[in-house]
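# Breakdown of the fold
Below, each chain spelled out in residue letters.
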Amino acid sequence: MRTERSGSMWSARLRAALKFSVFPTIRLIRSRDGYDSGMRMRLDQVEGYVDTVLALKKEYDKDIEIHLGLETEYFPRFWDQLIDFLSDYPFEYFVLGQHSLGNEIEKILYSGHGTTDGSYLKQYVDQCLAGIDTGKYLYLAHPDLFLFNGDEAVFDREYRRLCREVKKRNIPLEINFLGLMEERWYPNEKFWKIAGEEGNTAVFGCDAHTPKAVWNPETEQKALQLAAKYGLKVQETVPMPKTF
């Protein structure tokens, strides 16, 4: 879908999407080495999460389309364990949110801490692409989360590589509403300029950490303006995979 749509038409469509399609997400890491990630759902909370979503899905079946999903990292060391553990539950989709390099447990670098070292940005791009190549992810959340303050040529080279490669794989990039609402370092306009030049497709993601963040018309308008400024194609919905 292109951004030539009028703001009012898009608003009506997005309101309808928010009303009838809810995508709950959460992050998870599994470790048998005694490591406890303070920012992630514990393994013993997964069943309660699943039961809650499925109960709501049943209760509001005639009013809201609810899908069971997870926002996860791609941590190579724990990937097989993660998939094995989650295979017992009826998840329909994953969203890739790469907050840490490596496997987090090594504490190499949190994506938002900032660095001038181009090797870390390259590692971020490599890890995102490796995650996407598992075939498990619908889209890449906040792709511009990695805060790189170094050489502009390195910024352009690596983020342009990310944009080109995800386009080849038909994976949309998320314009993140949380970042817009809280005026974080992302969405990064330099990144979205590159994405527009490369012809990437974007999706809007609420990333709602609180209920009031699920629907925010002011933030929607900022996202629309960003998409229009750089000629980005915006998908209104992301189809669920037929098999997962």
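Check the entry above for the structure.
Keep in mind that what you see is a predicted model, and the values were worked out from it rather than measured.

### Quick look at the overall build of the chain
For the chain, the helix and strand inventory stands at eight helices and eight strands. A separation threshold of at least 6 residues defines the contact pool for the chain, and within that pool the share at least 24 residues apart is 77%. With the model as given, the accessible surface of the chain reaches about 12300 Å², and the carbon-plus-sulfur share is 50%.

### A closer look at helix α2 (residues 46-59)
For α2, spanning 14 residues, the distance from its first C-alpha to its last is 20 Å, which sits close to the expected 20 Å at 1.5 Å a residue. The set of residues buried in α2 consists of Val46, Tyr49, Val50 and Val53. All buried residues of α2 fall inside an arc of 95 degrees around its axis, so they share one side. Among the exposed residues of α2, those pointing more than 90 degrees away from its buried face are Lys58 and Glu59. Against the buried residues of α2 lie β2 (65-66), β3 (69-72) and α3 (79-86).

### Comments concerning the packing of aromatic side chains
Using the criterion set out here, one finds 11 aromatic pairs in the structure. A ring pair is formed by Tyr89 and Phe91, whose centres lie 6.2 Å apart and whose planes are at 65 degrees; its orientation type is edge-to-face. Ring centres of Phe94 and Tyr137 lie 6.1 Å apart, and the angle between their planes is 50 degrees; on these two criteria the pair is classed as tilted. You can see Phe94 sitting in strand β4 (residues 93-96) and its partner Tyr137 sitting in strand β5 (residues 137-140), a full 43 residues away along the chain. Members of the aromatic cluster, each reached through a chain of ring pairs, are Tyr74, Trp79, Phe94 and Tyr137. For the cation-ring pair, Lys190 lies above Phe155, with the distance from its terminal atom to the ring centre recorded as 4.5 Å.

### Notes on empty space enclosed by the protein
Here the structure, examined in full by the defined rule, presents two cavities of 30 Å³ or more. Here the second largest cavity is characterised by a volume of approximately 30 Å³. The class makeup of the residues in the lining of the second largest cavity is six nonpolar, one polar and one charged.

### Let's talk about the nonpolar core
Phe91, Tyr124, Tyr159, Leu162, Ile175, Phe191 and Trp192 are the most contacted members of the largest nonpolar core, which totals 55 residues. Among all residues touching Ile175, those that are not within four sequence positions of it are Leu180, Pro187, Trp192, Ala202, Val203, Phe204, Gly205, Ala223, Leu226, Ala227 and Leu232.

### Here we look at the pairing of β5
Pairing geometry for β4 and β5, over two bridges, is parallel. Bridging across to β5, Phe94 finds its partner in Tyr137. One crossover worth recording links β4 to the parallel β5 by way of helix α4 (residues 118-132), and it is right-handed.

### Points about the pattern of salt bridges
Taken as a whole, this structure holds 17 salt bridges when the rule is applied. Between Arg161 and Glu158 there is a salt bridge whose closest N-O contact spans 2.6 Å. With Arg161 and Glu158 both in helix α5 (residues 152-168), this residue pair falls three residues apart, about one helical turn. In this structure, Arg169 engages Glu165 in a salt bridge whose closest nitrogen and oxygen atoms are separated by 2.7 Å. Of the residues examined, Glu165 reaches a relative accessible area of 19% and is grouped as buried. Taken together, the shared-partner salt bridges in this structure form one network comprising Asp156, Arg160, Arg164, Lys193, Glu197 and Glu198.

### Overview of α5
Helix length check: α5, at 17 residues, gives a terminal C-alpha distance of 24 Å against a target of 24 Å (1.5 Å per residue), a fit within 8%. Buried within α5 are the following residues: Val154, Phe155, Glu158, Tyr159, Arg160, Leu162, Cys163, Glu165 and Val166. In this fold, the buried residues of α5 make contact with α4, β5, β6 (173-176) and α7 (189-198). Among the residues of α5, the N-terminal cap falls to Asp151, whose side-chain oxygen and the backbone nitrogen of Ala153 are separated by 2.7 Å. Asn170, located one to two residues past α5, shows a positive phi value of around 60 degrees.

### What about the pairing of strand β7 (residues 201-205)?
Counting buried residues in β7 gives four out of five residues, a clear majority hidden from the surface. Note that β6 and β7 share four bridges and pair parallel. In the strand pairing of β7, Ile175 is matched with Phe204. By the bridge criterion, two bridges tie β7 to strand β8 (residues 233-234) in an arrangement that is parallel.

Each value, and the rule that gives it
- Residues numbered from 1 in each chain as written.
- Predicted model: local features only at pLDDT ≥ 70, side-chain atom pairs only at ≥ 80, totals over all residues.
- Heavy atoms only, no water.
- Helix = DSSP H or I, 4+ residues; strand = E, 2+ residues; numbered from the N terminus.
- Contact = heavy atoms within 4.5 Å.
- Areas by Shrake-Rupley, 256 points an atom, 1.4 Å probe, with all protein chains shown as cover.
- Expected span 1.5 Å × (residues − 1).
- Buried < 20%, exposed > 50% of the residue type's maximum accessible area, 1.4 Å probe, protein only.
- Arc of directions from axis to C-beta.
- Phe/Tyr/Trp six-rings, centres within 6.5 Å; stacked < 30°, edge-to-face > 60°.
- Lys NZ or Arg CZ within 6 Å of the ring centre and 35° of its normal.
- 1 Å grid on protein atoms, 1.4 Å probe; cavity = no way out; pocket = protein on both sides within 12 Å on 5 of 7 lines; lining within 4 Å.
- Points joined across faces, edges and corners; volume = space filled by probe spheres on them.
- Nonpolar A, V, L, I, M, F, W, Y, C, P; charged D, E, K, R; others polar.
- Core = buried A, V, L, I, M, F, W, Y, C linked by side-chain atoms within 4.5 Å.
- Pairing = 2+ DSSP bridges.
- Right-handed = clockwise from strand over helix to strand, strands pointing away.
- Salt bridge = Lys/Arg side-chain N within 4 Å of Asp/Glu carboxyl O.
- Polar contact = N/O pair within 3.5 Å; in protein donor to acceptor, adjacent residues only side chain to side chain.

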